[in-house]
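Residue-level structural notes
Single-letter residue listing:
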Amino acid sequence: MRSSAIGRDVAVPSAQPRSAAASVSHRAAARKKARPAQEAGLKRANFGEGPGLPTLLLLPQLLILLFFFFIPSLRALTQSVLLSDPFGTTVQFVWFDNFKALFANGEYRQSMWVTLLFTVGQNALTLSVALVLAFATDHIIKGRSVYRTIILLPYAIAPAIAGILWAFLFNPAVGPLAHVLHGLGIAWDPNLNPNHALILVTLAASWKHICYDYIFLVVGLLAVPVSLMEAAAVDGAGPIRRFVSIGLPMLGPTVFFLAVMNFIYGFFETFAIIDAVTKGGPAGATNILVYKVYVDGFVNLDLGSSAAQSVLLMSFALLCTLLQFRYFDRKVNYGV
Amino acid sequence: MRQNTALLALVVAMLAFVAPAQAARIEVQWWHAMSGVLGDRLNEVVEKFNKSQDKYTVVAVAKGNYDEVTNGVIAAYRAKRPPEMVQIAERGYMTMLLSEAVVPVQDLLEKQGYKVDFADFIKPVASFWSYKGRMSALPFNSSTPIFWYNKDHFQKAGFDKPADTWQELEKQLYAIKAKGISECGTVLPGDFYWSLLENYSAINNQPYGTLANGFDGLGTEFVYNKTKVVSQVARLKKWLDDGIMQIAGQGLSPEQLFTSGRCSTFVNSTASHGNIERNATINWSATFLPHESDINPPLNSTIGGGAIWVMKGHTPERYEAVAAFLNFVAQPETQVWWHGATGYVPATNRAYELARERGYYKDHPTREIAVLQLSRGVPNENSRGFRFGNFVQTMLAQRQEVEAVFAGQKSPQQAMDDAVKRGNEILRQFEKLNAGKNLDGDR
């Protein structure tokens, strides 16, 4: 059983030899790689013969995927090539008209641009603030748990509430923080100024997500071997130098993971914040793709266009994640 | 064997659900979008009906705001389990009318033998909810925008009341600001597209779209980029730049800026009577919406609010219950009560007369404004109402363009041209979808 499994694993790469020379070295490398992993004693679960039990155990997850991912995705795909009355009583097949209309539409291009600015800004802000906070956590002796709890609090606040909070704080008519800005001579008005609105939602979305990044980074920093830090300290490196030269590189995989998660968060989960803070305005300045999907589908009842947009949004998110893995993953050092 | 047992269990479970309903009164559902005070009042209407007879029970279900109700009923209809009745906002009229999922209320009421006098409905109310002269949905909560103002601010500035025309009103608002009485002459309403553009067009006899604002067919096109709407948008922009008008923005309702005494005037629905009476700390009053100085006399305004639609796919006895309820809602007594309790206008002339006979307007003069404003003159092609498909979508596109003017990105003319262009694309999509459904001669 066990040896046959190894044999199968090894046989896979050698089954598709490209050129003779390459295949030999490839095969050797594959064998070298495969064998230690198997022999290092990674435990294989044994479910007995036949696919029965494994299938049964996978079933709950597969069902969830089926009902909450595959069926909706399929529905979105079919809806995206239809022009239909919201009640579904009149349906026309329109090929790719919904997609064509989107790309011919200045509003959609604006939405893509806004989404890019928003997600990149949100990502950079969230990660950098979370990094600073995580770094500081290491150097707080008294009340560390209080400090951590306070930073984690925003995560427990519902996005819609967080949104209203920020909208109110920065409301130019009554918001205290808006008054501070006015006092500094800044003509702050997110209801009128598109840039102000975009800054405001970026701030709100980041504030809500910093804690998520923070907790991963704190845990990541805990995994940095103390001996390395001590050695660096003995060599005379200060805390900041130690963090930048040792902590940060060792956090590489975590930071990379968080960047991917932040993008996904920015793409999909910031809907409630946008809805509460700006409703996509003014003049479409914060109308990010996911919010536009919602408005076109559930307010405008333009189901075909909304479905086409959600298909596109899904593709963008996939593309973005793939690109990140393709280009950044290589630069991340996973070794300890 | 095991299958049989499961089947049996299922049948028993279903019987358990069906049995009590058969035994008692016929129960029908009404999904609505009223919350807060208005939701309580709506429940009182339903309760009055349920107590008035012993055959039918109406269950009112709050399903969130208008958008949520619409989405709820769409999902329910697609799952073949729609409620019997649903409250839909005025902008959804064409979508509902052409959905092929509804039963026209006038047909239903007549078939069930109820003699509702449809000719007695107030004109702009009736025409808004009628197709080919027959009522497709029963007007339930009809409103229209009126002009609210802070009496003290006007008196301090030496004015009795707000002027009738936009030109004179502008002078008053600038004077109030110049004298330091108020920092904010007026606040932009959240639904300014309804009150300050659409109703503005009706009152000032400006066409909004071709083919009698859509009443004569689906081929209608917006034309408000060639009317006074452009100068109206320019006026709002000027007021904004000069600090005469403020935008409340998210996190704050425009109404609060008025009721707290910060802004001197406010254009808003007559339906906010309940809220303003409860929340205002100021000495307020209301009057008619202003009109342009070169338009005299001004025409009627148009309605907003919701109507009750009856959904297809139910048993005859359920429709009996629905008809009984709709008949109850249309009664003058119910209308008068609802009018007084909420600030919405009574839907029929008889109900209005009744309220007047009882001296209701002596104590509540501002409640009469909406009725008078709706029923003044004879509605013409420009003031009868609006009949545009996907009207929510075209409105949001228009709002975005107006916001671009406010943000200083576009000139009023440019923005209205773009709004009309975007709106017409949306109208063409609606026309394409509903090609073949005849709307000609809808009056």
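Criteria and cut-off values
- Residues numbered from 1 in each chain as written.
- Chains lettered and ligands numbered in written order.
- Predicted model: local features only at pLDDT ≥ 70, side-chain atom pairs only at ≥ 80, totals over all residues.
- Helix = DSSP H or I, 4+ residues; strand = E, 2+ residues; numbered from the N terminus.
- Buried ≥ 20, exposed ≤ 12 C-beta atoms within 10 Å, placed from the backbone.
- Contact = placed C-beta atoms within 7 Å.
- Rg over C-alpha atoms; globule rule 2.2 N^0.38 Å.
- Nonpolar A, V, L, I, M, F, W, Y, C, P; charged D, E, K, R; others polar.
- Axes fitted to C-alpha atoms, helices over the stretch in contact; angles between N-to-C directions.
- Parallel < 35°, antiparallel > 145°, perpendicular 65-115°, else oblique.
- Left-handed = near helix turned anticlockwise from the far one by under 90°.
- pLDDT = per-residue confidence, 0-100.
- Pairing = 2+ DSSP bridges.
- Core = buried A, V, L, I, M, F, W, Y, C linked by C-beta atoms within 7 Å.
- Arc of directions from axis to C-beta.

In this section: the overall build of chain A. A tally of regular secondary structure across chain A gives 15 helices and 2 strands. Considering chain A as a whole, with its 336 residues, one finds that 31% of them fall into the buried category. Counting only contacts in chain A whose residues sit at least 6 apart along the sequence, the fraction spanning at least 24 positions is 66%.

So, on to the overall build of chain B. When you go through chain B residue by residue, the secondary structure sums to 20 helices and 13 strands. Expected size for 443 residues packed as a compact globule is a radius of gyration near 22 Å; at 23 Å, chain B falls within 12% of this value. In terms of overall dimensions, chain B has a C-alpha envelope of 85 × 50 × 45 Å along the principal axes. The proportion of buried residues among the 443 residues of chain B is 51%.

A word on the interface of chain A and chain B. Between chain A and chain B, the contact holds 34 residues from the first and 30 residues from the second. Only α7 (159-169), α13 (271-277) and α14 (289-299) of chain A provide two or more residues apiece to the side of chain A that touches chain B. Residue classes in the side of chain A that touches chain B are distributed as 20 nonpolar, 11 polar and 3 charged.

This next bit is on the packing of helix α11 (residues 229-241) of chain B against helix α19 (residues 391-406) of chain B. Residue and element names in this part refer to chain B. Between α11 and α19, whose axes approach to 9 Å, the crossing angle comes to 45°. Taken together, the axes of α11 and α19 are oblique relative to one another. For the crossing formed where α11 meets α19, the hand is right-handed. In this structure, α11 contributes Val233, Lys237 and Leu240 to the contact, and α19 contributes Val402, Val405 and Phe406. Grouping the amino acids of the contact of α11 with α19 by side-chain chemistry returns 5 nonpolar, no polar and 1 charged.

A few words on the environment of Ser201 of chain B. All names here are of chain B. Tracing the sequence through the fold places Ser201 in helix α9 (residues 192-203). Judged by C-beta crowding, with 25 C-beta atoms within 10 Å, Ser201 ranks as buried. Once the C-alpha coordinates of Ser201 and Thr227 are considered, the two residues, 26 residues apart in sequence, prove to be 8.4 Å apart. Not counting residues up to four positions away in its chain, the partners in contact with Ser201 are Gln206, Tyr208, Tyr224, Thr227, Val229 and Asn382.

The next thing to look at is the confidence of the model for chain B. When pLDDT is averaged across chain B, the result is 91; 93% of the residues are at 70 or more. Listed scores for the predicted complex are pTM 0.84 and ipTM 0.84.

The next subject is the environment of Ser301 of chain B. All names here are of chain B. Tracing the backbone through its elements, the reader meets Ser301 in the loop between β12 (284-287) and β13 (304-311). Judged by the 26 C-beta atoms lying within 10 Å of it, Ser301 is buried. Through-space distance from the C-alpha of Ser301 to that of Thr144 is 6.9 Å; in sequence the pair is 157 residues apart. Setting aside chain neighbours within four positions, we find Ser301 in contact with Thr144, Pro145, Asn199, Ala202, Ile203, Leu289, Gln373 and Leu374.

All names here are of chain B. Across the two faces of β12 the burial differs, with Trp284 and Ala286 buried and Ser285 and Thr287 not buried at all. Pairing between strand β8 (residues 145-150) and β12: 4 bridges, direction antiparallel. Looking across to β12, one finds that Phe147 is bridged to Thr287.

A few words now on the nonpolar core. Note on soluble globular proteins: their nonpolar side chains tend to be buried together. The biggest cluster of nonpolar side chains holds 158 residues, and the ones touching the most others in it are Leu138, Trp309, Phe325 and Leu326 of chain B. Excluding residues within four positions of it along the chain, Phe325 of chain B makes contact with Phe49, Tyr56 and Val58 of chain B. In terms of nonpolar packing, the next biggest core, distinct from the first, is built from 14 residues, Leu127, Ala130, Ile151 and Val255 of chain A among them.

Moving on, we get to the confidence of the model for chain A. Chain-level statistics for chain A give a pLDDT mean of 83 and a share of 84% at 70 or above. In the model, residues 1-40 of chain A has pLDDT below 50 throughout and makes 13 contacts with residues more than four positions away in sequence or in other chains.

All names here are of chain B. Counted residue by residue, strand β11 (residues 263-269) has 7 buried out of 7 residues, so it is predominantly covered. The pairing of strand β9 (residues 184-187) with β11 spans 3 bridges and is parallel. What sits directly across from Thr186, in β11, is Thr265.

Let us now look at the sheet that holds β12 of chain B. Residues and elements named next belong to chain B. Read from one edge of the open sheet, 5 strands run β10-β9-β11-β8-β12, paired in mixed fashion. Of all the strands in the sheet, just β10 (245-246) and β12 have a single pairing partner and so form its edges. In the packing of helix α18 (residues 366-375) onto the sheet, contacts are made with β8 and β12, and the angle to β12 comes to roughly 15°.

All names here are of chain B. Burial in helix α15 (residues 332-342) covers these residues: Gln335, Val336, Trp338, His339 and Thr342. Seen along its axis, α15 keeps its buried residues to an arc of 165°; they face one direction. In the core, the buried residues of α15 are packed alongside α2 (36-52), α13 (273-279) and α16 (349-357).

Residue and element names in this part refer to chain B. Following both chains from N to C, one finds α15 and α16 inclined at 60°, their axes separated by 8 Å at the closest point. Looking at the two axes, α15 sits oblique to α16. Classified by chirality, the crossing of α16 by α15 is right-handed. Here α15 contributes Pro332, Gln335, Val336 and His339 to the contact with α16, which in turn contributes Arg350, Ala351, Leu354 and Ala355.

Here the focus is unusual backbone geometry. The omega torsion across Gly281 of chain A and Pro282 of chain A is -10°, close enough to zero to call that bond cis. Looking at the secondary structure, you find Pro282 of chain A in the loop between α13 and α14. The omega torsion across Asn296 of chain B and Pro297 of chain B is 0°, close enough to zero to call that bond cis. Along the chain, Pro297 of chain B falls in the loop between β12 and β13. The backbone of Asn205 of chain B sits at a positive phi, close to 60°, despite the residue not being glycine.

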